[in-house]
Amino acid sequence: MDRFDVTPTGRNGRATVAVLGAGISGLVAAYELQRLGHEVDVLEADERIGGRVFTHRFAGQDGPFAELGAMRIPVDHHLTLRYVDTLGLRGRLRPFRNVLSDPDNLLRVGGELVRVRNAAKPLIRYTEELAGGRSHRPEALLLVGWLHATVRALAPRELRELVRRDTGKLLAAAGRLDLTPYLKDDRPDLGAALRRHPELWRACSSRLQSFLDDLIRESGTGMCHLAGGMDQLTEGLAARLRRPVLTGHAISGIDVRRDEVRVRLGRRGRAVGYPVVLCTIPFAVLRHLPLTGVEADKLDVISTLDYSPATKVGVHCRRAFWADQGITGGGSAPGGRVRQTYYGTTGKDPSRGAALLGSYTIAEDADLLGRLPEPARHAAVLHELRDLHPEFGRPGMVRDVVSVAWGERPWHRGCAARRWGMSATALAREVERAARPQGRLFFAGEHCSPAPAWLNAGIASTLEAVPRIDDLARRTGAWYDAGRSA
Ligand SMILES: Cc1cc2nc3c(=O)[nH]c(=O)nc-3n(C[C@H](O)[C@H](O)[C@H](O)COP(=O)(O)OP(=O)(O)OC[C@H]3O[C@@H](n4cnc5c(N)ncnc54)[C@H](O)[C@@H]3O)c2cc1C
């Protein structure tokens, strides 16, 4: 069969639906539409399925792996967890250890690398210097110091600058609070302090405030991951589809007509007509395709939606040397170009080595690494990792390095829709415009959700689109008998 020979057929009021993109949104859509009785063609440009779920296995199925896309599931992401359950994967959920969660994780304070367990004094000194010598209670200096450290670990450069500027206001607010309940461990419970004291929140500039929810989530507990790899979700959904996902099927244009949607496939540009289409292609890609029969406002949101990049670098090591130093998980925050390093484990067979996420960067930091040619990117990360752990420099320790610069990948051109700092009204308006269907062409994906950048977001937008697609198919009856290609 020609790789572009897709021929939609339909019967008895059920439609053949085309789903464009085989990420979590497209795969959940296909699974749910199939359950409703529809035939579904999933057309995916890449040679692999999963989109931004990307588990790289270094040494076969049972070897160590690095998550180059999504790696954790917040416990309140009920929609993601619903599909974990659907696929019988609940028993594989394990707590996810966030950055700086292990007492032996490392962070850079004032140029020095220190362990979490020893970070209190250097952080107090650092915050005192930032405050310009004015006297503050040590508890306040420590809490604000940890807020700095966490923002520096997780946030883009712009927000790292903001937290420095907000130091005085934060210290003043923290100085008025009883902080003892939050300072019991090596590392203060920042999330609890921020949740219980809106005055801390208000001491931050508005752009920084819009990042605090992510900061609380990504620095606290309450996340899990799938032992064995996040791709079990996407592979599991694909395995339940009657029709195999058509990988290597790049959509090169979409034409919305009154009674069908024509999707153009591949460089040769053959068009295939479908009675209904769900598009989950990221807008950063879609804006470069010819789209006809689409209203001007829709074209506008497709071309202007802001995307943030991310770059991840996975490293395959001969063994998990970090365990010798007492590190049992979590992540270090060495700063520099690496920013975050998450410690992994061996696979089932320790002789196949161990993997870790050498570097995770977002926004400008992601571009800095992502725009380097791959060998230079890997060399830069390894160079800085040797400063964090000299073991990386030992002969034979590093077996392989892989990376994904999501901002540079042709089928993504970004990591996630960026909606920080938007007013509630602007946010609701943008999401409505992004998700609004055009005739028989529907839209879903993380970018069609008010809380983007998570698997849950893509699934939520899909579950909104599916009943509308089903309704259209039922109302219009058996309106498709054979595929038409031109
Ligand atoms: C580095 C990184 C870390 C993340 N961490 C987490 C996390 O820890 N937890 C979490 O919940 N979420 C995380 N996310 C977000 C999560 O991965 C995404 O929100 C989610 O996977 C998006 O799914 P989607 O189906 O909407 O889009 P995608 O997965 O991008 O799927 C879209 C699909 O469309 C395909 N496509 C593009 N162009 C075409 C074309 N022309 N023709 C046909 N197909 C095309 C793409 O190849 C892709 O497969 C992370 C994302 C990244 C990048």
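Just so we're clear, the structure is a prediction, and the values are computed from it rather than from any experiment.

**Quick word on the packing of aromatic side chains**
Under the counting rule described, the total for this entry stands at seven aromatic pairs. Joined through ring pairs, the aromatic side chains of Phe-321, Trp-322, Tyr-343 and Phe-392 make up one cluster. Positioned over the ring face of Tyr-126 is Arg-152, at 4.8 Å from the centre of the ring. Above the ring of Tyr-360, the side-chain terminus of Lys-312 is found at 4.5 Å from the ring centroid.

**Section: the layout of surface pockets**
For the second largest pocket, the calculated volume is near 800 Å³. Contributing to the lining of the second largest pocket are 32 residues, with Phe-65, His-225, Leu-226, Gly-228 and Thr-345 lying nearest its centre. Of all the secondary structure elements, the ones that give two or more residues to the lining of the second largest pocket are strand 4 (65-67), strand 9 (223-226) and strand 19 (354-362). Of the residues that constitute the lining of the second largest pocket, the class distribution is 14 nonpolar, 12 polar and six charged.

**Examining the state of the cysteines**
Applying the stated criterion across every chain yields a total of zero disulfides. Here Cys-224 is not cross-linked by a disulfide; its sulfur's nearest cysteine counterpart is in Cys-415, at 19 Å. Exposure remark for Cys-224: the relative accessible area of 6% places this residue in the buried category. Left without a disulfide partner, Cys-279 is nearest to the cysteine sulfur of Cys-448, which lies 8.4 Å away. For Cys-279, a relative accessible area of 0% puts it in the buried group.

**Some remarks on the side chain of Thr-462**
Tracing the backbone through its elements, the reader meets Thr-462 in helix 16 (residues 455-476). Looking at Thr-462, its side chain comes within polar contact range of the main-chain oxygen of Ser-25, at 3.2 Å. Sequence-distant contacts of Thr-462, defined by excluding residues within four places in its chain, comprise Ser-25, Val-28, Ala-29 and Ala-444.

**Quick look at the nonpolar core**
Membership of the largest hydrophobic core comes to 64 residues, with the highest contact counts inside it found for Leu-100, Leu-107, Trp-146, Leu-147, Leu-200 and Tyr-342. A domain-level breakdown of this core finds at least three residues from each of domain 2 (55-98 + 310-405) and domain 3 (106-220). For Leu-200, the contacting residues outside a window of four places in its chain are Leu-143, Leu-170, Ala-173, Ala-174, Leu-177, Ala-193 and Leu-194. Counting 40 residues, the second-largest nonpolar core is a separate cluster that includes Ala-29, Leu-237, Ala-238 and Phe-442.

**Comments concerning the site of the ligand**
Near the ligand lie 35 residues; those nearest to it are Ser-25, Glu-44, Arg-52, Arg-72 and Leu-455. Within the backbone of Ile-24, an N or O atom sits 3.3 Å from an oxygen atom of the ligand. In the model, an oxygen atom of the ligand is placed 3.0 Å from a nitrogen or oxygen of the Glu-446 main chain. For the ligand, the protein covers 99% of the area, taking 1000 Å² as the surface of the free molecule. Put simply, the parts of the chain that give the shell around the ligand at least two residues each are helix 1 (24-35) and strand 16 (310-317). Grouping the amino acids of the shell around the ligand by side-chain chemistry returns 20 nonpolar, 10 polar and five charged.

**Concerning the packing of helix 4 (residues 138-154) against helix 9 (residues 206-219)**
Between helix 4 and helix 9, the shortest axis-to-axis distance is 11 Å and the interhelical angle comes to 90°. Between helix 4 and helix 9, the angle is such that the two are roughly perpendicular. Residues Leu-147, Thr-150, Val-151 and Leu-154 of helix 4 lie in contact with helix 9, whose contacting residues are Leu-208, Phe-211, Leu-215, Glu-218 and Ser-219. For the contact of helix 4 with helix 9, the class distribution of residues is six nonpolar, two polar and one charged.

**As for the domain arrangement of the chain**
As far as domains go, the chain holds domain 1 (16-49 + 245-307 + 417-485), domain 2 (55-98 + 310-405) and domain 3 (106-220). The C-alpha-based centres of domain 2 and domain 3 are spaced at 26 Å. Between domain 2 and domain 3, the contact holds 20 residues from the first and 17 residues from the second. Summing the contributions of domain 2 and of domain 3, the shared interface buries around 1500 Å²; its carbon and sulfur component is 40%. Three residues stand out in domain 2 for area buried against domain 3, namely Asn-98, Ala-333 and Arg-339, and they jointly supply 28% of the buried area on that side. In this assembly, domain 2 and domain 3 are joined by four salt bridges. Of the charged contacts in the structure, one is a salt bridge between Arg-217 and Asp-76, with a shortest N-O distance of 2.9 Å. Linking domain 2 with domain 3 are 12 residue pairs in polar contact (both at pLDDT 80 or more).

Quick notes on the rules
Residues numbered from 1 in each chain as written. Predicted model: local features only at pLDDT ≥ 70, side-chain atom pairs only at ≥ 80, totals over all residues. Heavy atoms only, no water. Phe/Tyr/Trp six-rings, centres within 6.5 Å; stacked < 30°, edge-to-face > 60°. Lys NZ or Arg CZ within 6 Å of the ring centre and 35° of its normal. 1 Å grid on protein atoms, 1.4 Å probe; cavity = no way out; pocket = protein on both sides within 12 Å on 5 of 7 lines; lining within 4 Å. Points joined across faces, edges and corners; volume = space filled by probe spheres on them. Helix = DSSP H or I, 4+ residues; strand = E, 2+ residues; numbered from the N terminus. Nonpolar A, V, L, I, M, F, W, Y, C, P; charged D, E, K, R; others polar. Disulfide = S-S within 2.5 Å. Buried < 20%, exposed > 50% of the residue type's maximum accessible area, 1.4 Å probe, protein only. Polar contact = N/O pair within 3.5 Å; in protein donor to acceptor, adjacent residues only side chain to side chain. Contact = heavy atoms within 4.5 Å. Core = buried A, V, L, I, M, F, W, Y, C linked by side-chain atoms within 4.5 Å. Domains from an automatic or database assignment. Near = heavy atom within 4 Å. Areas by Shrake-Rupley, 256 points an atom, 1.4 Å probe, with all protein chains shown as cover. Axes fitted to C-alpha atoms, helices over the stretch in contact; angles between N-to-C directions. Parallel < 35°, antiparallel > 145°, perpendicular 65-115°, else oblique. Buried area = accessible area lost by both parts, 1.4 Å probe. Salt bridge = Lys/Arg side-chain N within 4 Å of Asp/Glu carboxyl O.

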